[in-house]
Amino acid sequence: MTSHDQITMSRLAHDRAKRVMPGGNTRSSVYEAPFPLYLKSGNGAYVTDIDGNSYLDFQNNFTALIHGYSQADVTSALMAQVGRGLSFASPSESEIDLAEILCARVPFFEQVRFTNTGSEAVMMAIKAARAITGRPKIAKCEGAYHGNYDYVEASFDAVPANWEIGAPEAKPYNSGTPASVLAEVVVIAFNDIGATERVLERHKETLGCVIIDPLPSRAGLVPIDPSYLRFLREFTARHGILLISDEVLSFRLSYRGATAIYGIEPDLCVFGKIVGGGLPIGAIAGRAEIMRVFDPSRGKPLVSQAGTFTANPLSMVAGAAAMRALTEGAIVRLNALGAQARSELNAALATSELGGHVTGAGSLFCVFIGDRKVKDYASAYHAWQQKKRISQLISLCRDEGILLSRIGLGSLSTPMGTAEIATLAVRFGRALGRLAAATPSGALA
Ligand SMILES: Cc1ncc(COP(=O)(O)O)c(C=O)c1O
């Protein structure tokens, strides 16, 4: 046990925050009761809170910081850019550099367009699909997270009462979502070809796109089944629907992104997080014939996109430095560490009376406790019903100096090595033991 239960300054900071922000919070995903940990610095794989406690960080800002903190190339690129200017009302060469790096990496990325966030990139890709096809509807998987755009928020947190075999209705995520938005969203069941085909058949004439996350975090961080992805590719191509791969989280799975692993080319790819080197970013990429929907050189484009901070030089230089450092070898090494982490955590869970298992791929993992095998949104949803217990486990890990996200999601960063994975395994095992000791027998059934 470390002294991480000695957290006073964060509580005080949260009291201050509550006076000026609703619930003391300005980013729902980091809300935590009674108060979150306030961090003040990071270095390599470690972060320090405002009480001075140090943690081995597997959050990495929800997977965005693939190089952890203060990576030398990213830091010096940023320092140099700070001296040259923060942002301009004109393009800068730094955006060409990052676009060239990305296009050189992924064969079907002929052109790229930047945004400030993954959410915005998803929105622009959907607008592109609607403009190209002249069709309004989108299809998305139940439970999949694609950011804040109203249409993709639909059915993000659908509850079992909404599950009608093979045809879950689009449900609002936020109160006030217009019914007209939900009417344009078709909800499909991840990795279920039969059910998905039945739904898509009914809407194929009005569908502009199918958006898919090859490793959906909220659907249990279970990799897409290759046959499911192939089916979606064939169905969309046959019916003139665009296939959008949302790789905001999963671009890190291989040097060429996630769908490349399956040898499948979507019409558009959306990404973000790691390609900004830790600064805000989103991007859309694809073949030039599709990307020209954004081209303003022949008058008003079909889809116009601006944004005061779009392609700001700080994000561009940080992204370029991060991507250059993320070589094919670095990804292979990180993915091997990911396999080691999943295997060691699985071993700890297998010997615990609480049961559980770890999902994920590449350098991402997600911890579940209990007997239920997580294979899709429905099973992940049920497992997360044991939220209180998972949340207790994550808090106990924090007491051990390990940071994981509240849903049990973890990501690796390049400063980590086998020693950090061993540390994770030992401390996770201890946290699990303490949770088991505090859990009445039969409580998990
Ligand atoms: C798959 C996926 N799509 C989109 C987003 C939204 O990206 P951002 O938070 O940059 O808006 C996320 C964020 O976690 C994501 O995981």
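Computed from a prediction, not measured in an experiment: that's the story for all the values here. (Residues numbered from 1 in each chain as written. Predicted model: local features only at pLDDT ≥ 70, side-chain atom pairs only at ≥ 80, totals over all residues. Heavy atoms only, no water.)

### Considering the packing of helix H14 (residues 387-399) against helix H15 (residues 418-438)
In step 1: With their axes 9 Å apart at the nearest point, H14 and H15 run at an angle of 130° to one another. Considering their axes alone, H14 and H15 lie oblique with respect to each other. Here H14 and H15 pass one another in a crossing that is right-handed. Along the contact surface, H14 presents Arg 389, Gln 392, Leu 393, Leu 396, Cys 397 and Asp 399, while H15 presents Phe 428, Ala 431, Leu 432, Arg 434 and Leu 435. (Axes fitted to C-alpha atoms, helices over the stretch in contact; angles between N-to-C directions. Helix = DSSP H or I, 4+ residues; strand = E, 2+ residues; numbered from the N terminus. Parallel < 35°, antiparallel > 145°, perpendicular 65-115°, else oblique. Left-handed = near helix turned anticlockwise from the far one by under 90°. Contact = heavy atoms within 4.5 Å.)

### Brief notes about the environment of Ala 219
In step 1: Within the secondary structure, Ala 219 sits in the loop between strand E7 (207-212) and helix H9 (226-238).
In step 2: The buried category is assigned to Ala 219, whose relative accessible area is 1%.
In step 3: As a C-alpha pair, Ala 219 and Ser 379 span 160 residues in sequence and 8.2 Å in three-dimensional space.
In step 4: Contact partners of Ala 219, with chain neighbours within four places excluded, come to Gly 143, Asp 376, Tyr 377 and Ala 380. (Buried < 20%, exposed > 50% of the residue type's maximum accessible area, 1.4 Å probe, protein only.)

### Observations concerning the domain arrangement of the protein
In step 1: Annotation of the protein at the domain level lists domain 1 (9-66 + 327-438) and domain 2 (72-325).
In step 2: The C-alpha-based centres of domain 1 and domain 2 are spaced at 25 Å.
In step 3: With 32 residues of domain 1 in contact, the opposing surface of domain 2 contributes 30 residues.
In step 4: For the pair domain 1 and domain 2, the summed buried area comes to about 2400 Å², and 65% of that belongs to carbon and sulfur atoms.
In step 5: In this structure, the connection of domain 1 to domain 2 is made through 1 salt bridge. (Domains from an automatic or database assignment. Buried area = accessible area lost by both parts, 1.4 Å probe. Salt bridge = Lys/Arg side-chain N within 4 Å of Asp/Glu carboxyl O.)

### Focus: the site of the ligand
In step 1: Near the ligand, the surroundings consist of Thr 117, Gly 118, Ser 119, Tyr 145, His 146, Gly 147, Asp 213, Asp 246, Val 248, Leu 249 and Lys 273.
In step 2: Taking 390 Å² as the accessible area of the ligand by itself, protein coverage stands at 83%.
In step 3: Looking at the shell around the ligand residue by residue, the classes come out as 3 nonpolar, 5 polar and 3 charged. (Near = heavy atom within 4 Å. Areas by Shrake-Rupley, 256 points an atom, 1.4 Å probe, with all protein chains shown as cover. Nonpolar A, V, L, I, M, F, W, Y, C, P; charged D, E, K, R; others polar.)

### Some remarks on the sheet that holds strand E2 (residues 46-49)
In step 1: As summarised here, the arrangement of the 4 strands in space is E1-E2-E3-E13, forming an open sheet in which the pairing is mixed. Of all the strands in the sheet, the pair left with one neighbour each is strand E1 (39-43) and strand E13 (402-403).
In step 2: In this structure, strand E3 (residues 54-57) lies alongside E13, joined through 2 bridges in parallel fashion. Paired with Asp 57 across the bridge in E13 is Leu 403. (Pairing = 2+ DSSP bridges.)

### Side note on the packing of aromatic side chains
In step 1: Enumeration according to the criterion identifies 12 aromatic pairs in this entry.
In step 2: Measuring from centroid to centroid gives 6.3 Å for Phe 109 and Phe 251, while their planes differ by 10°, and the two rings are stacked. Of the two residues, Phe 109 is situated in the loop between helix H4 (93-105) and strand E4 (111-115) and Phe 251 in the loop between strand E8 (242-246) and strand E9 (268-272); the sequence distance between them amounts to 142 residues.
In step 3: Phe 251 sits in the buried class, given a relative accessible area of 3%.
In step 4: Between the aromatic rings of Phe 190 and Tyr 228, the centroid separation amounts to 6.1 Å while the plane-to-plane angle is 70°, which identifies the pairing as edge-to-face. Remark: Tyr 228 occurs in helix H9 and Phe 190 occurs in the loop between strand E6 (185-188) and helix H8 (193-203); sequence separation between them is 38 residues. Exposure class is identical for Phe 190 and Tyr 228. Each is buried. (Phe/Tyr/Trp six-rings, centres within 6.5 Å; stacked < 30°, edge-to-face > 60°.)

### Details of helix H11 (residues 313-325)
In step 1: For H11, which comprises 13 residues, the first-to-last C-alpha distance of 18 Å matches the rise-based estimate of 18 Å (1.5 Å per residue) to within 8%.
In step 2: In terms of burial, H11 is largely enclosed, as 11 of its 13 residues are buried.
In step 3: Restricting attention to buried positions, one finds in H11 the residues Pro 313, Leu 314, Ser 315, Met 316, Val 317, Ala 318, Gly 319, Ala 320, Ala 321, Ala 322 and Met 323. (Expected span 1.5 Å × (residues − 1).)

### A few points about the nonpolar core
In step 1: Ranked by internal contacts, the top residues of the largest apolar core, which has 55 residues, are Phe 58, Leu 102, Phe 114, Phe 365 and Leu 393.
In step 2: No other element matches helix H12 (residues 328-351), which puts 8 residues into this core.
In step 3: Taken together, domain 1 (9-66 + 327-438) and domain 2 (72-325) each give at least three residues to this core, which thus spans both.
In step 4: Not counting chain neighbours up to four residues away, the residues in contact with Leu 102 comprise Phe 109, Val 112, Phe 114, Phe 251, Phe 271, Val 275 and Met 323. (Core = buried A, V, L, I, M, F, W, Y, C linked by side-chain atoms within 4.5 Å.)

### Overview of the side chain of Ser 10
In step 1: In this structure, Ser 10 sits in helix H1 (residues 9-20).
In step 2: In this structure Ser 10 touches Phe 35, Pro 36, Leu 37, Tyr 38, Ile 50 and Asp 51, once residues within four positions along its chain are discounted.

### Looking at the pairing of strand E10 (residues 282-286)
In step 1: Here E10 lies mainly inside the structure; 5 of its 5 residues are buried.
In step 2: Across the two faces of E10 the burial is the same, with Gly 282, Ile 284 and Gly 286 and Ala 283 and Ala 285 all buried.
In step 3: Pairing analysis gives 5 bridges linking E4 to E10, with the strands arranged antiparallel. Among the inter-strand pairings, Thr 115 is bridged to a residue of E10, identified as Gly 282.
In step 4: Sheet topology places E9 next to E10; 5 bridges connect them, and they run antiparallel. Within E10, the position partnered with Phe 271 by the bridge is Ala 283.

### Thoughts on the sheet that holds strand E11 (residues 356-361)
In step 1: Sheet architecture is open: 3 strands sit in the order E11-E12-E14, paired in antiparallel fashion. Since the sheet does not close on itself, it has two edges, and those belong to E11 and strand E14 (409-411), each with one partner. If you compare each strand with its neighbour and ignore which way they point, the axes differ by 25° on average.

### As for the packing of H12 against H15
How two helices sit against one another is set out by the angle between their axes and by the gap between those axes.
In step 1: Contact geometry for H12 and H15: axes closest at 10 Å, N-to-C directions at 20°. On the basis of the axis angle, H12 is roughly parallel to H15. As for the relative orientation of H12 and H15, their crossing is right-handed in sense. Seen from H12, the contacting residues are Leu 337, Gln 340, Ala 341, Glu 344, Leu 345, Ala 348 and Leu 349; seen from H15, they are Thr 418, Ile 421, Ala 422, Leu 424, Ala 425, Phe 428 and Leu 432.
In step 2: Taken together, the residues of the contact of H12 with H15 break down into 11 nonpolar, 2 polar and 1 charged.

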